[in-house]
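Per-entry structural report
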Amino acid sequence: MKNLLNALLCWCLVCTVAIAQNTIGINAHLLPEEDIIEITQSITYQNTSQDTLQTIYLNDWAHSFSSKETPLAVRFAQDFEKKFHLAKEKERGYTDITSIYDGATYLQYKRLEKAQDVIEVALKKPIPPKGSYTLKLIYKVKLPYARFTRYGVTKNKDYNLRYWYITPAIYDGTWQYYSNKNLVDRYYPNSDIRITFSFPTEYTIITDFETRIENTSYNTKEKIAILNGKDRINPRVYLTKNSIFQKIETDFLTLHSDIDDRLVGAPIKALIIDRIAGFMKKNLGEYPHETLLVTELDYKENQVYGLNQLPNFIRPFPDGFQYEIKLVKTIISKYIDNTLLVNPRTDRWLIDGMKVYLMQQYIDTYYPDLKVVGSLDKYWLVRQFYISKLEFNDQYNLLYMNIARLNLDQPLSKPYDSLIKYNVQIANAYKSGTGLRYLEDFIGNGAIKNTIKEFYSNYNLQQGVSSKDFEKLIRSNSEKNLDWFFDEYITTRRKLDFKIKNSKREGDSLIVTIKNKRDNPAPISVYGLKDGEVVSKTWVENIDKTKTVALLADSIDKVVLNYDEIIPEYNLRDSYHKPNGFLGINKPLQLKFLQDFENPSKNQAFIIPTAEFNIYDGLSPGLKLYNNTILRKNFRYKLEPQFGLRSKALIGKASLSYTHFLEDSKLFSIRYGLSGNRSSFGPDLFFERFIPFVNFSFKPKDYRANRGSNLSARFIRVQRDEDFRQESQDPDYSVFNLRFTHSDRAIINTVSYNADLQVARDFTKLSATFFYRHLYLNNRQINLRFYAGAFLRNKTRDSGDFFSFALDRPTDYLFDFNYYGRSESSGIFSQQFIFAEGGFKSNLEPAFANEWITTINASTTIWKYIYAYGDVGLVKNRSQTLEPVYDTGIQVSLLDDYFELFFPVYSNLGWEVGQPNYDQKIRFIVSLDIDTIIRLFKRRWY
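Figured I'd write up the structure that's included with this text. Here the structure is a predicted model, which means the values were calculated and not measured. (Residues numbered from 1 in each chain as written. Predicted model: local features only at pLDDT ≥ 70, side-chain atom pairs only at ≥ 80, totals over all residues. Heavy atoms only, no water.)

1. Remarks on the packing of helix α3 (residues 266-283) against helix α5 (residues 321-337)
Where we set the bar: Angular values range over 0 to 180 degrees, each being the angle between N-to-C directions of two axes fitted as lines to C-alpha atoms, with helices fitted over their stretch in contact. Every helix listed is a DSSP run of H or I at least four residues long, and every strand listed is a run of E at least two residues long, numbered separately from the N terminus. Handedness of a crossing is defined here by the sense of rotation of the near helix relative to the far one, left-handed for an anticlockwise turn of less than a right angle and right-handed for a clockwise turn. For this analysis, residues touch if any pair of their heavy atoms sits within 4.5 Å.
The geometry of α3 relative to α5 is characterised by a closest axis approach of 10 Å and an angle of 35 degrees between their N-to-C directions. In terms of crossing hand, the pair formed by α3 and α5 is right-handed. Across the interface between the two elements, Lys-269, Ile-272, Ile-273, Arg-275, Ile-276, Met-280 and Lys-281 from α3 touch Tyr-323, Glu-324, Leu-327, Val-328, Ile-331, Ile-332 and Tyr-335 from α5.

Take a look at the structure:
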């Protein structure tokens, strides 16, 4: 009876709405004890195309949480977010459809095989062009926990509702449907929406709809909200027990927001909001709805990254700026998202570019002198860094260039769901916004500013709009050739990179030759400077290989390309030129303490203090001299002298390398160079190592695939002090090492393998490793590793086991591992564990193999960070019988690869727990390597 009443009510609502517009009528009833919304819904779909439609596709994104195999679940796994994979069924959501009918007939429908949150409905009657069709649906939605996407059921039992009801997809010649991947990009036609929502009386409903609250006569514990919205695209509803939302009236619109800052007073907030609303009206156009809803959740989905995120007690920006920057970013975002029907999955660059461009315009308007570091530049120490000279808007270019320097940038036209996380959150939007700013500087006369406003005026709330419409509009507003922007900048990842090749004086003119290093047809700005002041600016276009430009010689003393750095150029360091530079030196050397951002007008070198430790050298403080800035450079050098406080000796390391990146190729990069180091390997014993190397890195064209391969070749020359306590052997040796590694990393399954060939004067050996990890639904993890190694020839057997395969503690004759006491055979430092070669944790005999070895290492979760491990293997030495070996124990992994303990239990030695000196059998991993932390961070973003 209840469902019948709901259906009748919904049908009556539909009959009262004009047919000329897509309409959605919803009767929703919240059951908080089950986290379920019962829904009776009608959808009147208008066929705005010239085709006759036989089917309708519906977006049911609430169902994207229904299993751990949906595209949403796969996306979580790719981003190394295990919380959804480990979630219980009650924590996830789903849609349970009772029926879909058209008022007379129940309709056949199915979920798409690879898009479970998209429904295909077969119609009884086709929809002719300009015709309409009404569907009626009865279903219930089980809401997911909010910890997955911040939307759903919160831990306080509030309800943040987004994508909670079914919507039609857009047909524009083809059906535009796709699955939810937590990218905030559902695409459906603007509709007139009426929602009747019943929920418990203790809740307050927050929305940007016109809202009327009524009491229900049949249930005094509930109330009903009637919500009406015209031409809506992305409505959200919040049901909260303790609302902190504020409603602020301005001269331009009504703002409903929970974005707050307790340190900002109400009068300042009112001024800020009114200023933002006025800015939007002036620079974009009038908002077509009465109320704009912006939330803290909206901001968290697309934050402003930078020093503005510092805690409030530091506050390097003007009063209220943190609050204002959050508010302006969110208002711009929702203003555009709610009104422009550009496909956000396939045509994202335009709407993201407009958002960033407007942000930059806002800062230029109200904070024209604001620096990236805010007021911190008043401190002498901060002023010593180049970052203190950067304008606030410079950060957009820098954050894009960060990923471009890593060769992980992706085209702006690439579908949004194929971007890596860094490009989704930061780089692509920033490149797009910077590109529009670049265009404006090139065209001049406020062309971009005026075009954006005209575009918004012409197309807001219009279905079928795309970036092609923007392109046509901007081309009509400019007489310049813009093919380089739309055909190259948007659709490719080809970098912009120019340099000043040379100059010569001819009469009163200075003829400057500009080289295009990337064959990109984009224009470049050429500045003439005199005594540090700009005296001329010239745009040079259509540079094929090289092109010359004539400047007045007597009026300038320096020529600079892209002086204002508006153009997102890959390398600015070769853009400075002094016509009369001494010995061709165009930039002075700058030596600075601590790392800084790149200053293109200087040849920078940095010095920072370092320290390392091993028991022979003791603590080894030192200084590192290097050239790498926060933005990665292709050519890098490092000189790191140290002094061992215990050995009283000069030690250290040095390296020189160049990385050549390849675009649009499976061969991702080639890195080659030299490195060397000197350190102690025993008491009063030193080694020196010299290594020329080359490394080939391979990566699939799909950067979201967390897999890759490396082929490295290196020649290791080692010179050691002779240890007379050891068996007689040549202390110096050279090894050629060829190694191939492949890894496929994921949160559920990880597979990696490698093959390693070593060739030396007295031996040739080959080894291979295979590793597999699987994470089960109950959070139990299993790790399997297989290792095998064999000598193809070996003339070192009579000299001991220095070059032999190790069962539990590699001798590390290549000095690759970070041993704290590599020569120790007893004591705490002999218990350091390096997971290499045999990978055993117990000290068993034979400890080495001079012919061949094979082992299997396994571990599995017992509880949280406690694992059970087991190792089995076979060890073969020349003239000895084959020896089977095994050990078992408990592993405590407090922090993977950083702090782990291994407690042997049973092995070839018997019950080890009960044996004497058990504390000396415990093995440990303690790593002080910062690179491991960086890798853990990078895998989520890159």
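2. A few points about helix α11 (residues 467-476)
Note the cut-off: Accessible area is worked out with a 1.4 Å probe on protein chains only. A residue is then buried under 20% of its type maximum, exposed over 50%, and partly exposed in between.
All of the buried residues in α11 are Ser-467, Asp-469, Phe-470, Glu-471, Leu-473 and Ile-474. Here the buried face of α11 lies against α6 (348-366), α9 (421-443), α10 (447-459) and α12 (483-489).

3. Observations concerning the sheet that holds strand β24 (residues 533-540)
Filter applied, for reference: In short, DSSP must find at least two bridges between two strands for them to pair.
Taken together, four strands build an open sheet; the order of strands is β24-β23-β26-β27 and the sheet is antiparallel. Of all strands in the sheet, those bounded by a partner on one side alone are β24 and β27 (576-577). Bridging between strand β23 (residues 524-530) and strand β26 (residues 558-561) involves four bridges; their strand directions are antiparallel. Residue pairing in the sheet places Tyr-527 in a bridge with Val-560 of β26.

4. Focus on the pairing of strand β17 (residues 237-240)
Regular strands show a simple pattern: their side chains alternate between the two faces of the sheet. With burial as the criterion, each face of β17 is covered, one bearing Val-237 and Leu-239 and the other bearing Tyr-238 and Thr-240. Alignment of strand β9 (residues 159-161) against β17, held across three bridges, turns out to be antiparallel. Of the residues in β17, the one forming a bridge with Tyr-159 is Leu-239.

5. What about the side chain of Lys-334?
Mapped onto the elements of the fold, Lys-334 is located in helix α5. Residue classification places Lys-334 among the buried residues on the basis of a relative accessible area of 4%. When residues no more than four places from it in sequence are discounted, the contact partners of Lys-334 are Asn-234, Arg-236, Leu-292, Leu-293, Val-294 and Asp-298.

6. Looking at the side chain of Ser-680
Stated formally: Two N or O atoms count as a polar contact when they lie within 3.5 Å, although within protein this holds only if one can serve as hydrogen donor and the other as acceptor, and sequence-adjacent residues are included solely when both atoms are side-chain atoms.
Tracing the backbone shows Ser-680 in strand β33 (residues 667-682). Looking at Ser-680, the relative accessible area reads 4%, which means it is buried. A distance of 2.6 Å separates a polar atom in the side chain of Ser-680 from a polar atom in the side chain of Asp-617. Apart from the residues lying within four places of it in its own chain, the contact partners of Ser-680 are Asn-614, Tyr-616, Asp-617, Ser-647, Leu-685, Phe-686 and Phe-687.

7. Regarding the pairing of β26
Bridge count for β26 against β27 is two bridges, and the pairing is antiparallel. From the neighbouring strand, Val-560 faces β27, where its bridge partner is Tyr-576.

8. Remarks on the environment of Ile-166
Examined against the element boundaries, Ile-166 turns out to sit in the loop between β9 and β10 (167-168). With a relative accessible area of 0%, Ile-166 lands in the buried category. Taking the C-alpha atoms as reference points, Ile-166 and Phe-763, 597 residues apart in sequence, are found 68 Å from one another. Excluding residues within four positions of it along the chain, Ile-166 makes contact with Gln-41, Ile-43, Leu-58, Asn-59, Asp-60, Ile-97, Ile-119, Leu-137 and Tyr-139.

9. Topic: the nonpolar core
As a reminder of what qualifies: Definition used in this section: a nonpolar core is a set of buried Ala, Val, Leu, Ile, Met, Phe, Trp, Tyr and Cys residues joined via side-chain atoms within 4.5 Å.
Judged by nonpolar contacts, the single largest core of 112 residues is most densely connected at Leu-327 and Ile-514. Filtering out sequence-adjacent residues up to four positions away, Leu-327 remains in contact with Leu-255, Ser-257, Ile-259, Ile-272, Ile-273, Ile-276 and Val-294. Leu-137, Val-141, Ile-195 and Leu-227 belong to the second largest nonpolar core, which has 50 residues in total.

10. Description of the packing of aromatic side chains
Basically, it comes down to this: In summary, the pairing rule links any two rings of Phe, Tyr or Trp, Trp by its six-membered ring, whose centres are within 6.5 Å, and it sorts them by plane angle into stacked for under 30 degrees, edge-to-face for over 60 and tilted for everything else. For a ring to carry a charge above it, either NZ of a lysine or CZ of an arginine must fall within 6 Å of the ring centroid while also lying within 35 degrees of the normal to the ring plane.
Across all of its chains, the model carries 64 aromatic pairs by this definition. Relative to Trp-539, the ring of Tyr-438 has its centre 6.2 Å away and its plane inclined at 20 degrees; by these criteria the two rings are stacked. With a gap of 101 residues between them, Tyr-438 in helix α9 and Trp-539 in strand β24 connect regions that are remote in the sequence. Note on Tyr-438: relative accessible area 0%, which makes it buried. Ring centres 5.6 Å apart and planes at 40 degrees place the aromatic pair Phe-833 and Phe-835 in the tilted group. Cluster of aromatic residues (ring-pair linked, three or more members): Trp-349, Tyr-438, Phe-442, Phe-455, Tyr-459, Phe-470, Trp-484, Phe-485, Phe-486, Tyr-489 and Trp-539. Taking NZ or CZ as reference, Arg-720 lies 5.9 Å from the ring centre of Phe-681, over its face.

11. Things to note about the sheet that holds strand β21 (residues 498-506)
Within a sheet, each strand pairs with its neighbour through backbone hydrogen bonds, oriented either parallel or antiparallel. With antiparallel pairing, the three strands of this open sheet are ordered in space as β21-β22-β25. A strand with exactly one partner marks an edge of an open sheet, and here the two such strands are β21 and β25 (546-552). In this sheet, adjacent strand axes meet at a mean angle of 25 degrees when their direction is disregarded. The sheet contact formed by β21 and strand β22 (residues 509-516) spans eight bridges and is antiparallel. Bridged to Lys-499 within β22 is Lys-515.

By themselves, these are just geometric observations and shouldn't be taken as functional.
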